[in-house]
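Topology and contacts: notes
So the chains spell out like this:
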Amino acid sequence: AQSVTQLGSHVSVSEGALVLLRCNYSSSVPPYLFWYVQYPNQGLQLLLKYTTGATLVKGINGFEAEFKKSETSFHLTKPSAHMSDAAEYFCAVAYNQGGKLIFGQGTELSVKP
Amino acid sequence: GAGVSQSPSNKVTEKGKDVELRCDPISGHTALYWYRQSLGQGLEFLIYFQGNSAPDKSGLPSDRFSAERTGGSVSTLTIQRTQQEDSAVYLCASSPGLAGRELFFGEGSRLTVL
């Protein structure tokens, strides 16, 4: 069964520090990969996605993620954290164009001043 | 409206009662999802409708849960004989249908079972 694993339910960084949120998926089939963000008391919104083509994907608010097939990973990074980045981040995967989207458990990011 | 609309936004019910949660997707979106978000549990997939295909019900946690989608648009999630562990936020999302497309989420329906 397809699954998504996010390492670390809580990540805390200092403002200005590198943000790294980890995501691994389980499949040998090339997937469609997504990161969604949920700010406090708001709905989920798309941060970025990988479907085909370039494996380094840039999203909103300075975030990017790299699809590494050999590692079955799609880690999310941002060079310099901002206080406004504090939110919950969800990695998600689908395995074909008609397939359902499965989410990871989420990682709550805290940013310290 | 332009977005996904869910109702009610909040529902408090007594254990054993039935509840219905409604989702109005974005017009023209062929795919519709229901997820459950519980504290510390992330987003749990419940059911997925795609066009005229049979729905993927593989995520429904028990036979107390059911969902339908009428006319390829509005969807209703029904929970029968509610239990306290059903307390959660139920999220609906729609998309144009292809897996590579973005999901648009509603604000959710918060269910509290006393």
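The numbers attached to residues start from 1 for each chain and follow its sequence in the written order. Ligands are numbered from 1 and chains lettered from A, in the order in which they are written. Residue-level local features of this predicted model are given only where pLDDT is at least 70; pairs of side-chain atoms are given and counted only at 80 or more, and the full residue set underlies all totals for whole chains, interfaces and linings. Water and hydrogen atoms play no part in the side-chain values, which are based on all heavy atoms of the structure.

Another aspect to go through is the interface of chain A and chain B. Any two residues whose heavy atoms approach within 4.5 Å are treated as being in contact. Tallying the contact residues gives 22 residues for chain A and 21 residues for chain B. The term buried area means the drop in 1.4 Å probe accessible area that two parts suffer when joined, counted for both and summed. Around 1,700 Å² of area is buried between chain A and chain B when both sides are counted, 54% of it from carbon and sulfur atoms. In what follows, salt bridge is the name for a side-chain nitrogen of Lys or Arg lying within 4 Å of a carboxyl oxygen of Asp or Glu. Inspection of the region where chain A meets chain B yields one salt bridge. Among the salt bridges present, the one from K100 of chain A reaches D56 of chain B, with a minimum N-O distance of 3.3 Å. Polar contacts, as used here, are pairs of N or O atoms within 3.5 Å; protein pairs need one atom able to donate a hydrogen and one able to accept it. Residues neighboring in sequence count only if both atoms are side-chain atoms. For the pair chain A and chain B, the number of links is five residue pairs in polar contact (both at pLDDT 80 or more). For the purposes of this entry, the term helix denotes a DSSP run of H or I that reaches at least four residues, the term strand denotes a run of E that reaches at least two, and both are numbered from the N terminus. The set of elements that each furnish at least two residues to the side of chain A that touches chain B consists of β4 (32-38), β5 (44-50), β9 (87-94) and β10 (102-103) of chain A. Ranked by residue count, the leading element in the side of chain A that touches chain B is β4 of chain A, at four residues. Residues are grouped as follows: nonpolar covers Ala, Val, Leu, Ile, Met, Phe, Trp, Tyr, Cys and Pro; charged covers Asp, Glu, Lys and Arg; every other residue, Gly included, is treated as polar. By residue class, the composition of the side of chain A that touches chain B is ten nonpolar, ten polar and two charged.

All right, on to the sheet that holds strand β8 (residues 73-78) of chain A then. Residue and element names in this part refer to chain A. Two strands pair under a simple rule: DSSP has to find at least two bridges between them. The five strands are arranged β1-β3-β8-β7-β6 in an open sheet whose pairing can be described as antiparallel. Pairing within the sheet leaves two strands with one partner each, and these edge strands are β1 (4-7) and β6 (56-58). Looking at each pair of strands side by side, their axes are set apart by 20 degrees on average, direction ignored. With four bridges joining them, strand β3 (residues 19-25) and β8 adopt antiparallel strand pairing. Bridge pairing links L21 to L76 in β8. Fitting a line to C-alpha atoms yields each axis, with helices limited to the stretch in contact; the angle taken between N-to-C directions then spans 0 to 180 degrees.

In the segment running from S7 of chain B into P8 of chain B, the intervening peptide bond is cis, with an omega of -5 degrees. Its identity is not glycine, yet N61 of chain A carries a phi of approximately 60 degrees, on the positive side. Residue T72 of chain A is not a glycine yet carries a positive backbone phi of 45 degrees.

Positionally, K100 of chain A belongs in the loop between β9 and β10. Among the polar contacts made by the side chain of K100 of chain A, one reaches the side chain of S58 of chain B at a distance of 2.7 Å.

Our focus in this paragraph is the sheet that holds strand β1 (residues 5-7) of chain B. Residues and elements named next belong to chain B. If you walk across this open sheet you meet the four strands as β1-β3-β7-β6, and the pairing is antiparallel. Because the sheet does not close on itself, it has two edges, and the strands there are β1 and β6 (65-69). Put simply, the sheet's adjacent strands are angled 15 degrees from each other on average, direction ignored. Across three bridges, β1 lies against strand β3 (residues 19-24) in antiparallel orientation. Paired with S7 across the strands is R22, a residue of β3.

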